[in-house]
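Residue-level structure breakdown
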Amino acid sequence: MTAMFDQELREQLARAREELAAARAEGDADGVQAYEGRIAALVRLAAQHGITLPHEPREQEHPLP
């Protein structure tokens, strides 16, 4: 179960990063903010479950909603 959860988090993080890049490319400020928040939430969730996801320090700095 843990391996599946780990993999799901990694896949969601990859998708969120792709969507963030697309939002930036389109100049979608709301999308950028939303995906930055999603990435930060995924990094926090992983850490709460003892899973280390590779990330940039700025990716965990987004404030909680």
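Residues numbered from 1 in each chain as written. Predicted model: local features only at pLDDT ≥ 70, side-chain atom pairs only at ≥ 80, totals over all residues. Heavy atoms only, no water.

**Regarding the overall build of the protein chain**
Within the protein chain, the secondary structure is distributed over 2 helices and 0 strands. Here the protein chain has a C-alpha radius of gyration of 12 Å; the compact-globule value for 65 residues is 11 Å, and the two agree. Once the C-alpha set of the protein chain is aligned to its principal axes, its extents read approximately 40 × 20 × 20 Å. Counting only contacts in the protein chain whose residues sit at least 6 apart along the sequence, the fraction spanning at least 24 positions is 52%. For the protein chain, the centre of its 7 positive side-chain charges and the centre of its 12 negative side-chain charges are spaced 4 Å apart. (Helix = DSSP H or I, 4+ residues; strand = E, 2+ residues; numbered from the N terminus. Rg over C-alpha atoms; globule rule 2.2 N^0.38 Å. Contact = heavy atoms within 4.5 Å. Lys, Arg positive; Asp, Glu negative; His and termini not counted. Charge placed at Lys NZ, Arg CZ, Asp CG, Glu CD.)

**As for helix α1 (residues 2–26)**
Structural remark: α-helix, 3.6 residues per turn; residues separated by three or four positions point the same way. When the terminal C-alpha atoms of α1 are compared, their 36 Å separation across 25 residues agrees well with the 36 Å that a helix rising 1.5 Å per residue should span. Along α1, the residues classified as buried are L9, Q12, L13, A16, L20 and A23. Looking at the buried side of α1, the elements it contacts are α2 (29–48). G27 occupies a position one or two residues after α1 and carries a positive phi of about 70°. (Expected span 1.5 Å × (residues − 1). Buried < 20%, exposed > 50% of the residue type's maximum accessible area, 1.4 Å probe, protein only.)

**A few points about α2**
In this model, α2 (20 residues) spans 29 Å end to end at C-alpha, consistent with the 28 Å of a helix rising 1.5 Å per residue. Against α1 lie the buried residues of α2. The N-cap of α2, judged by a side-chain oxygen 3.3 Å from the amide nitrogen of D30 a few residues on, is D28. Downstream of α2 by a residue or two, G50 has a phi angle that is positive, lying close to 75°. (Polar contact = N/O pair within 3.5 Å; in protein donor to acceptor, adjacent residues only side chain to side chain.)

**Focus: the nonpolar core**
Listed in full, the 12 residues of the largest apolar core are L9, L13, A16, L20, A23, V32, I39, L42, V43, A46, I51 and L53. Of all the secondary-structure elements, those providing two or more residues to this core are α1 and α2. (Core = buried A, V, L, I, M, F, W, Y, C linked by side-chain atoms within 4.5 Å.)

**Some details on the pattern of salt bridges**
Considering all chains together, one arrives at 3 salt bridges under this definition. Across the pair E8 and R15 runs a salt bridge, and its minimum N-O distance is 3.7 Å. (Salt bridge = Lys/Arg side-chain N within 4 Å of Asp/Glu carboxyl O.)

**Considering the packing of α1 against α2**
It is at 9 Å that the axes of α1 and α2 come closest, and there the two elements cross at 160°. Relative to α2, α1 is oriented roughly antiparallel. Note that α1 runs across α2; the crossing there is left-handed. Between α1 and α2, the residues in contact are F5, L9, Q12, L13, A16, R17, E19, L20, A23 and R24 and G31, V32, Y35, E36, R38, I39, L42, L45 and A46, respectively. Of the residues that constitute the contact of α1 with α2, the class distribution is 12 nonpolar, 2 polar and 5 charged. (Axes fitted to C-alpha atoms, helices over the stretch in contact; angles between N-to-C directions. Parallel < 35°, antiparallel > 145°, perpendicular 65-115°, else oblique. Left-handed = near helix turned anticlockwise from the far one by under 90°. Nonpolar A, V, L, I, M, F, W, Y, C, P; charged D, E, K, R; others polar.)

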